[in-house]
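As a plain string of letters, each chain reads:
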Amino acid sequence: MFKSLSARIFTGLFAGLMLGTLVQYLLSDISLFSGTLVDIAAGVGTMFVNMIMMLVVPLVFVSIVCGVCELQDLRSFGRLGGKTFGFYIINTLVGISAALAVCLLLRPGEGVDMSGATGVTINATELPNLMALIVDIVPRNPIAAFTSANMLQIIFMALLLGGVLKSMGNTVIGAVQGFQTANKIMMKLISVVMQLAPIGVFALMFKLGATLESQVLFSVLEYLGLIIGLLVLWVFVVYPAAVGLFTPISAKTFREKTQEQILFSFSTASSNATIPVTMRTLTEKLGVNQAVAGFGVPLGATMNMGGVAIYITVAIFFIANAFGTPITLEQLPTVLFSIFLLAVGAGGVPGGGMVMIGVMIHQMGLPVEAFALVAALDRLIDMILTSCNVVGDTAVLTIVDQTEKAHQQQQDKVSAAA
């Protein structure tokens, strides 16, 4: 029964949440449980996430270099990059559009008086500048890019190095083999760390269950249910259906192959921390080419935020309605464009969506008290939207890989006919 890693992760997730909830409601007066055990669980959970994050930067860099070196030619790299980027943008826009349609139809927050919410201040003061974001892709200091885990800069350096190695051919075969060996080592390290996932997930969920204030959740069931409903629909219906429509993989098979990824991302609430699991899901379970996965997964963890796009859109409309400042049609284009930029720039770390919603609250002149609501519910929503983000990465890259295989088959036919 417990041979499957997915089953063990789910067991740890469920047991941790149940025991944590038990501590909060029945044992909160006993410091050993509500204090010591919660602190230990928080420490163990943090160590587990740090262990995963420790592997992310070298994994991303090495896998992208290997992926580029494995391409048949550099022209295919340009095609692959353009397709992956374009599909990610389309995915984010579809998420925003769907959430907008639901919000205009259901008008969440109307008739709700949230004026008594507790005030919380935020630090963000302006929307991210798209040009500055693009300029920052090229690092001034490569070492700083690695130490700060700046994914866009790391991707740029890996692509540049991989392209140079590929262009030099057999003269640098030793260097290429070295990166391939390093990639095998990283994958082995991931396998070792993943064996600890059930323990790490248990600790993370125990802390969540012991500290989450349920009374806050009940006061905003409409808002919470709408976001969770959309995210669950995207994870289990929309993405599998898209894969079933555009690839030979059925929707049912796709759902089965992504179970471990969904559970892991749900517990860590981090797209970056889930990169190793996403990589393994694509290459080992779905048969996606290493080059496609190596290039697309870290890029997707940074900018393919379909879940965040849905989250920000619903949250802003709910807060605007609940605080008596509904978004007008004149404001709509600016709001949607800002949501798009914020969703792309949210990053793959826990709480990214909450920070971006805080930026929107400030920029739209909404009451800062609204941020208290977002902060209270974010941890629960963040887990589900992270699952939506990473499954979106997997769906997009599975489709991209299918288009690449179709292109290669066409090229082979042309070569055979010639």
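For the structure itself, consult the block above.
So, here is what we can say about the structure in this document. It should be emphasised that the depicted structure is a prediction, and the values quoted were computed from it without experimental measurement.

Quick notes on the overall build of the protein
(1) Moving on: In terms of regular secondary structure, the protein is built from 18 helices and zero strands.
(2) Moving on: Residue burial in the protein is summarised as follows: out of 418 residues, 50% are buried.
(3) Moving on: Accessible area for the protein stands at about 18700 Å²; split by element, carbon and sulfur atoms hold 66% of it.

Details of the nonpolar core
Across soluble globular proteins, nonpolar side chains have a tendency to be buried as a group.
(1) Moving on: Counting residues in each nonpolar core, the largest one holds 117 residues, and the members touching the most others are Y311, I312, V314 and I357.
(2) Moving on: Considering every element that reaches this core, the biggest residue donor is helix 2 (residues 31–70), with 15 residues.
(3) Moving on: Beyond its immediate stretch of four places on either side in the chain, I312 contacts I339, L342, A343, G353, M356, I357 and M360.
(4) Moving on: If you look at the next biggest cluster of nonpolar residues, it comprises six residues, including V23, V38, A203 and A210.

A word on the pattern of salt bridges
(1) Moving on: Taken as a whole, this structure holds four salt bridges when the rule is applied.
(2) Moving on: A salt bridge links R280 to E260; the nearest nitrogen and oxygen atoms lie 2.4 Å apart. With R280 in helix 13 (residues 275–285) and E260 in helix 12 (residues 259–268), the pair connects residues that are 20 residues apart, well separated along the chain.
(3) Moving on: According to the relative accessible area criterion, E260 is buried, its value standing at 5%.
(4) Moving on: Between K285 and E260 there is a salt bridge, and its shortest N-O distance comes to 3.3 Å. Of this pair, K285 sits in helix 13 while E260 sits in helix 12; the two residues are 25 residues apart in sequence, bridging distant segments of the chain.
(5) Moving on: When its relative accessible area of 29% is taken as the criterion, K285 is described as partly exposed.
(6) Moving on: Salt bridges linked by common partners bring E260, R280 and K285 together as one network.

Side note on unusual backbone geometry
With the exception of glycine, the majority of residues adopt a negative phi angle, and the majority of peptide bonds are in the trans configuration.
(1) Moving on: Positioned with a positive phi, R107 is a non-glycine residue whose angle comes to about 45 degrees.
(2) Moving on: Checked against the element boundaries, R107 lands in the loop between helix 3 (74–106) and helix 4 (130–135).
(3) Moving on: With relative accessibility at 43%, the residue R107 sits in the partly exposed group.

Observations regarding the packing of aromatic side chains
(1) Moving on: Summed over the entire model, instances satisfying the criterion amount to five aromatic pairs.
(2) Moving on: Pairing F48 with F264 gives two aromatic rings, centres 5.9 Å apart and planes at 75 degrees, and the pair type is edge-to-face. Here F48, found in helix 2, pairs with F264, found in helix 12; they are 216 residues apart in sequence, far enough to count as distant.
(3) Moving on: The exposure class of F48 is buried, given its relative accessible area of 4%.
(4) Moving on: On the basis of relative accessibility, which here comes to 0%, the residue F264 falls in the buried class.
(5) Moving on: Here the aromatic residues F61, F146 and F179 are joined through ring pairs into a cluster of three or more.

Remarks on a nonpolar patch on the surface
(1) Moving on: Together, I30, L32, L37, I40, V44, L196 and I199 make up an exposed nonpolar region whose accessible area comes to about 560 Å².
(2) Moving on: No other element matches helix 2, which puts four residues into the nonpolar patch.
(3) Moving on: Mapped onto the secondary structure, I30 falls in the loop between helix 1 (5–26) and helix 2.

Quick look at the side chain of E404
(1) Moving on: Along the chain, E404 falls in helix 18 (residues 370–417).
(2) Moving on: We classify E404 as buried; its relative accessible area is 13%.
(3) Moving on: Leave out the neighbours within four places in its chain, and E404 touches R79, L80, K83 and V292.

A look at helix 2
An α-helical turn contains 3.6 residues, so a residue and the one three or four places further along point in the same direction.
(1) Moving on: Over its 40 residues, helix 2 extends 56 Å from the first C-alpha to the last, a length consistent with the 58 Å expected when each residue adds 1.5 Å.
(2) Moving on: The sharpest bend along helix 2 measures roughly 30 degrees and falls at V56, with the proline P58 sitting one to four residues further on.

Re the environment of F61
(1) Moving on: With respect to the helices and strands, F61 occurs in helix 2.
(2) Moving on: Taking relative accessible area as the criterion, F61 reaches 15% and is therefore assigned buried.
(3) Moving on: Taking the C-alpha atoms as reference points, F61 and G162, 101 residues apart in sequence, are found 9.6 Å from one another.
(4) Moving on: For F61, the residues in contact, after removing those within four places along its chain, are F146, I154, M157, A158, L161 and F179.

Description of the packing of helix 2 against helix 7 (residues 173–194)
(1) Moving on: It is the contact of helix 2 with helix 7, at a shortest axis distance of 9 Å, that shows an interaxial angle of 150 degrees. Considering the angle they form, helix 2 stands roughly antiparallel to helix 7. The handedness of the crossing between helix 2 and helix 7 is left-handed. Counted together, F48, M51, I52, L55, P58, L59, F61, V62, S63, V65, C66 and C69 of helix 2 and V176, F179, Q180, A182, N183, M186, M187, L189, I190 and V193 of helix 7 form the full contact between these two elements.
(2) Moving on: Partitioning the contact of helix 2 with helix 7 into residue classes produces 19 nonpolar, three polar and no charged.

Comments concerning the side chain of T247
(1) Moving on: With respect to the helices, strands and loops of the structure, T247 is situated in the loop between helix 10 (221–246) and helix 11 (251–257).
(2) Moving on: Look at T247 and you get buried, because its relative accessible area is 9%.
(3) Moving on: Side-chain polar atoms of T247 contact the backbone oxygen of V243, separated by 2.6 Å.
(4) Moving on: In this structure the side chain of T247 is engaged in a polar contact, spanning 3.2 Å, whose partner is the backbone nitrogen of I249.
(5) Moving on: Not counting residues within four places of it along the chain, the set of residues in contact with T247 comprises T398, I399 and Q402.

Thresholds applied
Numbering of residues begins from 1 in every chain and follows the order in which that chain's sequence is written. It should be noted that, the model being predicted, local features are given only for residues of pLDDT at least 70 and side-chain atom pairs only at 80 or more, the latter also being counted only at that level, while totals for whole chains, interfaces and linings use all residues. The side-chain figures draw on all heavy atoms in the structure; neither hydrogens nor water molecules are used. A run of H or I in DSSP becomes a helix once it reaches four residues, and a run of E becomes a strand once it reaches two; helices and strands are each numbered from the N terminus. For the exposure calls, accessible area comes from a 1.4 Å probe over protein chains only, and a residue counts as buried if that area is under 20% of its type's maximum, exposed if over 50%, partly exposed in between. Using a 1.4 Å probe, the Shrake-Rupley method yields the accessible areas, and only the shown protein chains count as cover for residues. Take the buried Ala, Val, Leu, Ile, Met, Phe, Trp, Tyr and Cys residues and link them wherever side-chain atoms come within 4.5 Å; each set so joined is a nonpolar core. In this analysis, two residues are considered to be in contact whenever any of their non-hydrogen atoms come within 4.5 Å of each other. Salt bridges are defined as contacts in which a side-chain nitrogen from Lys or Arg sits within 4 Å of a carboxyl oxygen from Asp or Glu. Two aromatic rings, drawn from Phe, Tyr or Trp (for Trp, its six-membered ring), form a pair once their centres lie within 6.5 Å of each other, and the interplanar angle then sorts them: stacked below 30 degrees, edge-to-face above 60, tilted otherwise. Patches here: salt-bridge-free residues with over 30% relative accessible area, like charges joined within 9 Å, nonpolar side chains (Val, Leu, Ile, Met, Phe, Trp, Tyr) joined within 5 Å. Under the convention used throughout, the expected extent of a helix is 1.5 Å for every residue step, that is, one less than its residue count. Note on bend: at a given residue it equals the angle between the axes fitted to the 7 residues ending there and to the 7 starting there. Between the N-to-C directions of two axes lies an angle of 0 to 180 degrees, each axis being a line fitted to C-alpha atoms and, for a helix, fitted only over the stretch in contact. Here is the rule for angles: anything less than 35 degrees is roughly parallel, anything more than 145 is roughly antiparallel, 65 through 115 is roughly perpendicular, and the remaining ranges are oblique. The crossing is said to be left-handed when, going from far helix to near helix, the turn is anticlockwise and less than a right angle, and right-handed when the turn is clockwise. Polarity classes work like this: nonpolar for Ala, Val, Leu, Ile, Met, Phe, Trp, Tyr, Cys and Pro, charged for Asp, Glu, Lys and Arg, and polar for all others, with Gly in that last group. A 3.5 Å cut-off defines polar contacts: any pair of N or O atoms within that distance qualifies, except that in protein one atom must be a possible hydrogen donor and the other a possible acceptor, and neighbouring residues in sequence count only when both atoms are side-chain atoms.

Any functional reading would require information beyond the geometric quantities listed.
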